[in-house]
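Observations on the three-dimensional arrangement
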Amino acid sequence: MGIGGSDMYRQQILDHYKNPRNTGEIEDPTFTHVGENPMCGDEIRMDVVLSEDEETIEHVAFRGDGCAISQASASMLTEELQGMAVADLRAMDRDDIVDMLGVDISPMRVKCAVLAEKVAQDGVDIYFDELDIEKTMTEDDDAETPE
Ligand code: FES
C-alpha cells in the first residue's frame, strides 16, 4: 500500500477499506460534493447534513472509487465528522489526516490520504459561498425595490 507503520494501524486501514463505514446516499442532504484526485481519477462523493444552525455536521455518507488509502481515509473521516463543528472541519489539515490514519504516508500517497478531507472541506466552502451569494443577491433585490 506504500505505507509504513504499526501492524495495528495497517489492519485498521485494511478493515475500513474492506468494510467502509457510512457508505451510501443521504436523502435530501444539506449539500453533496464530489471530488477527484487528478493524478489518478479516483473519486469520492459525500453527502452532508448540517444542523439547523449550520454550525455542526449531523450526518455524513460517502461513496467512492479508489485505492485502499483514499477509501479507508474516507471511511475513517466520516466517523470523525459526525457531530463535528463545521469550524473544526475547516481547520483540519494534512497532519490531522496522517494522525487519524496512524501510519507514515509516503509523499506519493498523501493526495490519496487527504482526498476525502478535501472533498468535505471544498463542499462546505462551496455551500457557504453560495449562501453568501444568495444573501447578497437578495439584499440587492431589496435595494432595487422602488419605494
Ligand atoms: Fe487514486 Fe490513491 S491512487 S486516490
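Residues numbered from 1 in each chain as written. Predicted model: local features only at pLDDT ≥ 70, side-chain atom pairs only at ≥ 80, totals over all residues. Heavy atoms only, no water.

What the protein contains, in helices and strands, is five helices and five strands. What you see in the protein, going N to C, is helices and strands ordered as β-α-β-β-β-α-α-α-β-α. In terms of overall dimensions, the protein has a C-alpha envelope of 70 × 25 × 25 Å along the principal axes. Put simply, the protein has 147 residues, and 39% of those count as buried. (Helix = DSSP H or I, 4+ residues; strand = E, 2+ residues; numbered from the N terminus. Buried < 20%, exposed > 50% of the residue type's maximum accessible area, 1.4 Å probe, protein only.)

Within the UniProt annotation, "domain: NIF system FeS cluster assembly NifU N-terminal" (unreviewed entry) is assigned to residues 8-128. In residues 8-128, helix accounts for 48% and strand for 21%; the two terminal C-alpha atoms are 38 Å from one another. (UniProt positions renumbered as here; feature names shortened; annotations may be inferred.)

Attention now moves to the pairing of strand β2 (residues 31-36). In β2, alternate side chains face the same way, and those of Phe31, His33 and Gly35 are buried while those of Thr32, Val34 and Glu36 on the opposite face are not. Relative to strand β3 (residues 43-50), β2 runs antiparallel, the two sharing six bridges. Note that in β3 the partner of histidine 33 across the bridge is methionine 46. Hairpin geometry of β2 and β3 is characterised by an intervening segment of six residues between the two adjacent antiparallel strands and by a positive phi of about 85 degrees at glycine 41. (Pairing = 2+ DSSP bridges.)

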